[in-house]
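Residues per chain are reported as follows:
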Amino acid sequence: MLIRIQNIEPHQIAEAKRVILSVARNIFQWPTPLEEIIREFDERGELRDVDEVQSSYFDQQGLFLVALDKGQVIGTGAIRQIDSETAELKRLWLLESYHGQGIGYRLLQALLQFARGTGYERIRLLTDRKQNRAISFYRRAGFQPIPCSGDDPEDL
């Protein structure tokens, strides 16, 4: 299996959002059908940064990558600027059937390499405490918990 990692292209945005919400639906055990979840997220603008990937990431010293298997989006990941020294890791999602193959690690390494090359000194991320697998992955990659600035007690 040859998995390619590349910058997202405009025609891949809908597919990337489908991957993100499909994985989230499974993790959080949302009973709503995926198509309805996608419609609800679109109505609320909760993935507007993905819809506006150029202005949200590329134009702001950021990056948005997709992992592709035979041309199909199977994973996503992004770096977004917080300030000149700090970036945020965003939208790192991978279809469950591809877990354990090093693809998420490859995505993360590509994002970290971009962040280093851009001059960021720190990278932060926000995740939900229910994402045990993701938390373990981030800890193995060297991330450490810090106090959360948000109001949601489930955020880490």
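Rules and cut-offs
- Residues numbered from 1 in each chain as written.
- Predicted model: local features only at pLDDT ≥ 70, side-chain atom pairs only at ≥ 80, totals over all residues.
- Heavy atoms only, no water.
- Phe/Tyr/Trp six-rings, centres within 6.5 Å; stacked < 30°, edge-to-face > 60°.
- Helix = DSSP H or I, 4+ residues; strand = E, 2+ residues; numbered from the N terminus.
- Expected span 1.5 Å × (residues − 1).
- Buried < 20%, exposed > 50% of the residue type's maximum accessible area, 1.4 Å probe, protein only.
- Pairing = 2+ DSSP bridges.
- pLDDT = per-residue confidence, 0-100.
- Axes fitted to C-alpha atoms, helices over the stretch in contact; angles between N-to-C directions.

## Digging into the packing of aromatic side chains
Summed over the entire model, instances satisfying the criterion amount to 5 aromatic pairs. When the ring of Trp30 is compared with that of Phe41, the centres are 5.9 Å apart and the planes differ by 40 degrees; the resulting orientation is tilted. Linking Trp30 in the loop between helix 1 (13-28) and helix 2 (34-44) with Phe41 in helix 2, this pair joins segments that are 11 residues apart in sequence. Ring geometry for Tyr57 and Phe64: centres 5.4 Å apart, planes at 70 degrees, overall edge-to-face.

## Looking at helix 1
Helical geometry note: an α-helix holds 3.6 residues per turn, so side chains three or four residues apart project in the same direction. The end-to-end C-alpha distance of helix 1 is 22 Å, a good match for the 22 Å that 16 residues give at a rise of 1.5 Å each. Residues of helix 1 that are buried include every one of Ile13, Ala16, Lys17, Val19, Ile20, Leu21, Ser22, Val23 and Ala24, and no others. Looking one or two residues beyond helix 1, the residue adopting positive phi is Gln29, at roughly 55 degrees.

## With respect to the pairing of strand 2 (residues 63-69)
Counting buried positions along strand 2 gives 7 out of 7 residues, so the element sits mostly inside the fold. In this sheet, strand 2 lies alongside strand 1 (residues 3-7) in antiparallel orientation, the contact comprising 5 bridges. Bridge pairing links Gln6 to Val66 in strand 2. As judged from the 7 bridges shared by strand 2 and strand 3 (residues 72-81), these two strands associate in the antiparallel manner. Bridging across to strand 3, Val66 finds its partner in Thr76. Connecting strand 2 to the antiparallel partner strand 3 that follows it, the hairpin turn spans 2 residues, and Lys70 within it adopts a positive phi of roughly 55 degrees.

## Looking at helix 5 (residues 103-118)
Across its 16 residues, helix 5 extends 23 Å between first and last C-alpha, which sits within 8% of the 22 Å expected from 1.5 Å per residue. What helix 5 keeps buried is the set Ile103, Gly104, Leu107, Leu108, Leu111, Leu112 and Ala115. Where helix 5 ends, the next residue or the one after it, Gly119, has phi of about 100 degrees, a positive value.

## Overview of the confidence of the model for the protein
Per-chain confidence: the protein averages 92 in pLDDT, with 94% of residues scoring 70 or above. Across the protein, element-level confidence peaks in strand 2 with a mean pLDDT of 98 and bottoms out in helix 6 (residues 132-140) with 84.

## Here we look at the sheet that holds strand 5 (residues 122-125)
Each strand in a sheet pairs with its neighbour through backbone hydrogen bonds, running either in the same direction (parallel) or in the opposite one (antiparallel). Ordered by their spatial adjacency, 5 strands build an open sheet running 1-2-3-4-5, and the pairing between neighbours is mixed. The sheet terminates laterally at strand 1 and strand 5, the two strands that pair on one side only. With direction set aside, neighbouring strand axes in the sheet form an average angle of 25 degrees. Pairing of strand 3 with strand 4 (residues 86-94), which is carried by 6 bridges, proceeds in the antiparallel orientation. Bridged to Thr76 within strand 4 is Trp93.

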